[in-house]
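What follows is each chain in one-letter form.
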Amino acid sequence: ALAAGGVALLFLGLKAPASVPVLLLFAVGDAVLGAALGLGASAIAATEFQAVQFMPAVILPQFLLSGLITPTSSMAGWLDGVSRVMPLRYAVDGMGRLAHAATVSSTVWWDLVVIAGCAVLALAVGSATLRRTTA
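Here the structure is a predicted model, which means the values were calculated and not measured.

Definitions and limits used
- Residues numbered from 1 in each chain as written.
- Predicted model: local features only at pLDDT ≥ 70, side-chain atom pairs only at ≥ 80, totals over all residues.
- Heavy atoms only, no water.
- Helix = DSSP H or I, 4+ residues; strand = E, 2+ residues; numbered from the N terminus.
- Buried < 20%, exposed > 50% of the residue type's maximum accessible area, 1.4 Å probe, protein only.
- Contact = heavy atoms within 4.5 Å.
- Areas by Shrake-Rupley, 256 points an atom, 1.4 Å probe, with all protein chains shown as cover.
- Axes fitted to C-alpha atoms, helices over the stretch in contact; angles between N-to-C directions.
- Parallel < 35°, antiparallel > 145°, perpendicular 65-115°, else oblique.
- Left-handed = near helix turned anticlockwise from the far one by under 90°.
- Nonpolar A, V, L, I, M, F, W, Y, C, P; charged D, E, K, R; others polar.
- pLDDT = per-residue confidence, 0-100.
- Patch = residues over 30% accessible without salt bridge, like charges linked within 9 Å, V, L, I, M, F, W, Y side chains within 5 Å.
- Salt bridge = Lys/Arg side-chain N within 4 Å of Asp/Glu carboxyl O.

**Thoughts on the overall build of the protein**
The secondary structure content of the protein amounts to six helices and zero strands. Scanning the protein from its N terminus toward the C terminus, one meets helices and strands in the order α-α-α-α-α-α. For the protein, the spread of C-alpha atoms along the principal axes amounts to about 55 × 40 × 25 Å. Looking at the protein residue by residue over its 135 residues, the buried ones come to 30%. At a minimum sequence separation of 6, the contacts of the protein that also span at least 24 residues come to 59%. Accessible surface, the protein: about 8200 Å² in total, of which carbon and sulfur atoms supply 74%.

Quick look at the structure:
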């Protein structure tokens, strides 16, 4: 998170956000969320091949509906509704709000809470489905 934030701010010309520490907190939260989603999906899968097949099914819809390609406001109403249950939308919205505001608003904090909650939920699903063996 520090390396990616440093490169974006220093070398790629990212406009300084309302709060650099909160931006780095978002980066860490997004990294943990990505790892948690991967672990959750791989724990549900029966084989490694099945886990690899799960990744496009988990990641692609989130990427397409997150607002990175097209604003969510210009999507059909039902697609906007579907995107509201996907954590990547909150990551994109939160970082966008943080980059374009002078102060950190309560909606930015809410986006961060949603990201953290989804990461915890994905880790809980992954840990609940792990096979336990006794020696």
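**With respect to the packing of helix α2 (residues 20–44) against helix α6 (residues 106–128)**
Two elements in contact, α2 and α6, have axes whose closest approach is 8 Å; the angle formed by their N-to-C orientations is 25°. For the element pair α2 / α6, the angle class is roughly parallel. Crossing of α2 over α6 shows left-handed handedness. Grouping the amino acids of the contact of α2 with α6 by side-chain chemistry returns 19 nonpolar, three polar and two charged.

**Concerning the confidence of the model for the protein**
Summing up the model confidence of the protein, the mean pLDDT is 82 and the portion of residues at 70 or higher is 96%. Per-element confidence in the protein is highest for α6, whose mean pLDDT is 87, and lowest for helix α1 (residues 2–11), whose mean pLDDT is 81.

**As for a nonpolar patch on the surface**
A contiguous nonpolar surface patch, about 550 Å² in accessible area, is contributed by Ile-59, Leu-60, Phe-63, Leu-64, Leu-68 and Ile-69. Residue class for Leu-60 comes out partly exposed when judged on its relative accessible area of 45%.

**Re the pattern of salt bridges**
Side chains that carry opposite charge are capable of pairing whenever their charged atoms lie near each other. Applying the stated criterion across every chain yields a total of four salt bridges. For Asp-93, the salt bridge goes to Arg-89, with nearest N and O atoms at 3.2 Å. Placement of both Asp-93 and Arg-89 in helix α5 (residues 87–99) is noted, with a separation of four residues, approximately one turn of the helix. For Asp-93, a relative accessible area of 19% puts it in the buried group. Ionic pairing is found between Arg-97 and Asp-111, a salt bridge with its closest N-O pair at 2.5 Å. Of this pair, Arg-97 sits in helix α5 while Asp-111 sits in helix α6, and the two are 14 residues apart along the sequence. Overall, Arg-97 belongs to the partly exposed group, its relative accessible area being 35%. Among the residues examined, Asp-111 registers a relative accessible area of 3% and is labelled buried. By sharing partners, the salt bridges in this structure join Asp-80, Arg-84, Arg-89 and Asp-93 into a single network.

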